[in-house]
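Structural overview for review
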Amino acid sequence: LVHLHHSTAPISGTNYVLSLFKNFYAIIPQHPNRKEENKMQILHTMLRVGDLDRSIKFYQDVLGMRLLRTSENPEYKYTLAFLGYEDGESAAEIELTYNWGVTEYDLGNAYGHIAIGVDDIYATCEAVRANGGKVTREAGPVKGGTTVIAFVEDPDGYKIEFIENKSAKSALGN
């Protein structure tokens, strides 16, 4: 540490940051993997499905997503379908993976859910029902809070949580 009383001189270079603790300044090297041009983002969540056409139909017709692209790998016997509300440049996607010949999976107990923000959670649940979807938790406040949520289930049993957009960025339970 270097004790500087009246210096306001900037530290040049992009490999260091200046940290102030009381009257002491420390020159700290920046983490080499944290560069402004190397920002990270979530690209997709992969779900293994037993019937690709059925799952694509659910995500398109019940949840209103668009089929963005597909790819097939005959050598390793699988097909991928990417769905979302926007392209992968600006929003995360769902990757549905169909391993040829596998019709169902044990979901285990580690998977939680996918969360989707919606404007009108009550109308969204009704639309899911009207399109043959399964609502597993009716719309209403989260226990101990005011954030309104609901849950639906896709054809493979994956849970999808709806959160009202006005509360989507706040912590649940509030």
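Preceding this section is the structure that the text describes.
We now turn to the structure provided with this report. As the structure is a computational prediction, the values presented were derived from the model and not from experiment. (Residues numbered from 1 in each chain as written. Predicted model: local features only at pLDDT ≥ 70, side-chain atom pairs only at ≥ 80, totals over all residues. Heavy atoms only, no water.)

Our next topic: the sheet that holds strand β7 (residues 93-99). Ordered by their spatial adjacency, four strands build an open sheet running β4-β7-β6-β5, and the pairing between neighbours is mixed. Two strands in the sheet have a free side with no partner beyond their single neighbour: β4 (44-48) and β5 (66-73). Pairwise comparison of adjacent strand axes, ignoring direction, gives a mean angle of 20° for this sheet. In terms of strand pairing, β5 meets strand β6 (residues 78-84) through seven bridges, oriented antiparallel. (Pairing = 2+ DSSP bridges. Helix = DSSP H or I, 4+ residues; strand = E, 2+ residues; numbered from the N terminus. Axes fitted to C-alpha atoms, helices over the stretch in contact; angles between N-to-C directions.)

Counted under the stated rule, the structure contains eight salt bridges. With a closest N to O distance of 2.8 Å, aspartate 61 and lysine 57 form a salt bridge. Of this pair, aspartate 61 and lysine 57 both sit in helix α1 (residues 52-62), separated by four residues, roughly a single helical turn. Residue aspartate 61 is classed as partly exposed on the basis of its relative accessible area, which comes to 40%. Here the residues in one salt-bridge network are Glu126, Arg129 and Glu138, joined through shared partners. (Salt bridge = Lys/Arg side-chain N within 4 Å of Asp/Glu carboxyl O. Buried < 20%, exposed > 50% of the residue type's maximum accessible area, 1.4 Å probe, protein only.)

Our next topic: unusual backbone geometry. A positive phi angle, close to 60°, is found at lysine 77, a residue other than glycine. Residue position: lysine 77 is located in the loop between β5 and β6. Overall, the relative accessible area of 51% leaves lysine 77 in the exposed class.

Of all six residues in strand β10 (residues 148-153), six are buried; the element is thus mostly enclosed. Side chains of β10 alternate between two faces, with Val148, Ala150 and Val152 and Ile149, Phe151 and Glu153 buried alike. Bridge count between strand β9 (residues 134-141) and β10: five bridges; the pairing is antiparallel. Directly across from arginine 137, in β10, lies its bridge partner phenylalanine 151.

This next bit is on the side chain of glutamate 93. For glutamate 93, the location among the structural elements is in strand β7. Within the local environment of glutamate 93, its side chain forms a polar contact with the side chain of arginine 69, the two groups lying 2.9 Å apart. (Polar contact = N/O pair within 3.5 Å; in protein donor to acceptor, adjacent residues only side chain to side chain.)

Quick look at the sheet that holds β10 now. In space, the four strands of this open sheet follow the order β8-β11-β10-β9, with mixed pairing throughout. Of all the strands in the sheet, the pair left with one neighbour each is β8 (114-118) and β9. The average undirected angle you get between the axes of adjacent strands in this sheet is 20°. Sheet analysis places β10 next to strand β11 (residues 159-164), joined by five bridges and oriented antiparallel. Following the sheet pairing, alanine 150 is matched in β11 by phenylalanine 162. Of the strands in this sheet, β8, β9, β10 and β11 touch helix α2 (residues 121-130), which is tilted by about 170° from β9. (Contact = heavy atoms within 4.5 Å.)

Moving on: the environment of glutamine 60. You can see glutamine 60 is positioned in helix α1. Residue glutamine 60 is classed as partly exposed on the basis of its relative accessible area, which comes to 31%.

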